[in-house]
Every structure is written in structure tokens, then in C-alpha cells.
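# Structural description and commentary
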Amino acid sequence: MPRFMMIVKASEDSEAGVLPTRELIAEMGQYNDQLVEAGAWLTGDGLRPTSDGARVTYSDGAPVVTEGPFGPAKDLVAGFWVIRAQSMDEALEWARRIPFREGEVEVRRLFEADDFPAQP
């Protein structure tokens, strides 16, 4: 069955380290339980702000490490789920059920091993 990543886009609040309310955490727990019960859940988690992270850039030489924070927030990732779904439509249906009140989630299909040419 195809796998999809639901990428939660960062916000100014998530980049400032503002944690979700207890109510939202409880709703997210219920949503995650629904994914598990449906056999769709593979993994998922939230990410700390980019101020706690770093980037490694590769360009014809030694890798360069740049410490966060990065921006703008709308271009960053705050969390993710990896789910199994029969189709993009089914993955989008799961994304529509996320109990967010505002924000953005990008849904992308993951490559599978058989998407690549066979190795000799």
C-alpha cells in the first residue's frame, strides 16, 4: 500500500516554541488513535523550532553547518505523519480530519523501492 507524508508547515508560534493547548493535544491523540485503528499509522511527530536545529549544506567541498533559526516560518516544517493510504484521495481525506483550527499541511507520496530501476 502506498505511503504518504503529511507535512505540517511551521507557523510563527511553532517557531517561537509555543506548545499546543492541552485541548489540541487531546484532540491530536484521538486523531492519532483513529489512524492506528484504521491501520494507516506508520509514524509521526512534532519538531522543535529551528532555533534548536542546524542545516548541513553540500556543494562541491566540505559540508557546511549553519545553526538555526531559519525562516520564514511558512517555508519550514513543524511536524509530520507518515501514513498508509490506498490513494492520494484517501491521504487527503486523512489530512482533512486533522483537528487543526489554522495552519497548513502538505501531503506527498513517498517513493517505494519498486519505483526505482532494478539494480544489476
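Predicted model only: the values in this text are computed from it and were never measured. Positions within a chain are numbered from 1, following the residues in the order the chain's sequence is written. For a predicted model such as this one, the threshold for reporting local features is a pLDDT of at least 70, and the threshold for listing and counting side-chain atom pairs is 80 or more; totals across whole chains, interfaces and linings nevertheless cover every residue. Think of the side-chain values as coming from all heavy atoms in the structure, minus any hydrogens and water.

This part is about the pairing of strand β1 (residues 3-9). Exposure classes here rest on a 1.4 Å probe applied to the protein chains alone. A residue is buried below 20% of its type maximum, exposed above 50%, and partly exposed in between. Runs of E in the DSSP output that reach at least two residues are strands. Runs of H or I that reach at least four are helices, and both are numbered from the N terminus. Most of β1 sits out of view: five of its seven residues are buried. Strands were regarded as paired on the criterion that DSSP finds at least two bridges between them. Here seven bridges tie β1 to strand β5 (residues 77-84), and the two strands are oriented antiparallel to one another. Paired with Lys 9 across the strands is Val 77, a residue of β5.

Once that is clear, we can look at the sheet that holds β1. Whenever strands of a sheet pair, they do so through backbone hydrogen bonds, lying parallel or antiparallel. Reading across the sheet, the four strands line up as β2-β5-β1-β6 and stay open at both edges, with antiparallel pairing between neighbours. Every other strand in the sheet has two partners, leaving β2 (41-46) and β6 (105-109) as the edge strands with one partner each. Recorded for the sheet is a direction-independent mean angle of 15° between the axes of neighbouring strands. Whether two residues touch is decided by their heavy atoms; if any such pair falls within 4.5 Å, the residues are in contact. Lines fitted to C-alpha atoms define the axes here, with helix axes fitted over just the stretch in contact, and angles between the N-to-C directions of these axes take values from 0 to 180 degrees. Sitting on the sheet, helix α2 (residues 22-37) is in contact with β1, β2 and β5, with an inclination near 25° to β5. Taken strand by strand, helix α3 (residues 88-96) contacts β1, β5 and β6, and its axis lies near 35° from that of β1.

The terminal C-alpha atoms of α2 lie 23 Å apart, and with 16 residues this matches the ideal 22 Å at 1.5 Å per residue to within 8%. For α2, the full list of buried residues reads Leu 24, Met 28, Tyr 31 and Leu 35. Summarising the axial view, the buried residues of α2 lie within an arc of 60°, below the 170-degree limit, and thus occupy one face. In α2, the exposed residues that point more than 90 degrees away from the buried face are Arg 22 and Glu 37. The secondary structure elements touched by the buried residues of α2 are β1, β2, β5 and α3. Positioned one or two residues after α2, Gly 39 has a phi angle of 75°, which is positive. One less than the residue count of a helix, multiplied by 1.5 Å, gives the span that helix is expected to have. Taking the helix axis as origin, the arc is that swept by the directions to the C-beta atoms.

Before going further, it helps to examine the UniProt feature "domain: YCII-related" (unreviewed entry) in the chain. UniProt positions are given in the numbering used here, feature names are shortened, and annotations may be inferred rather than shown by experiment. The residues that UniProt annotates with the feature "domain: YCII-related" (unreviewed entry) are residues 3-112. Summarising residues 3-112: 26% helix, 31% strand, and an end-to-end C-alpha distance of 8 Å.

Moving on: the pattern of salt bridges. A pair is scored as a salt bridge if a Lys or Arg side-chain nitrogen falls within 4 Å of a carboxyl oxygen belonging to Asp or Glu. Applying the stated criterion across every chain yields a total of eight salt bridges. The salt bridge partner of Glu 112 is Arg 3, with a shortest N-O separation of 3.2 Å. Pair noted here: Glu 112 is in the segment after β6 and Arg 3 is in strand β1, with a separation of 109 residues, a long-range link. The exposure class assigned to Glu 112 is buried, which follows from its relative accessible area of 17%. Overall, Arg 3 belongs to the partly exposed group, its relative accessible area being 27%. The salt bridge involving Glu 27 is made with Arg 101; its shortest N-O contact spans 2.9 Å. Here Glu 27 is found in helix α2, whereas its partner Arg 101 is found in the loop between α3 and β6, with 74 residues between them in sequence. Look at Glu 27 and you get partly exposed, because its relative accessible area is 22%. Arg 101 gets classed as exposed once you look at its relative accessible area, which sits at 58%.

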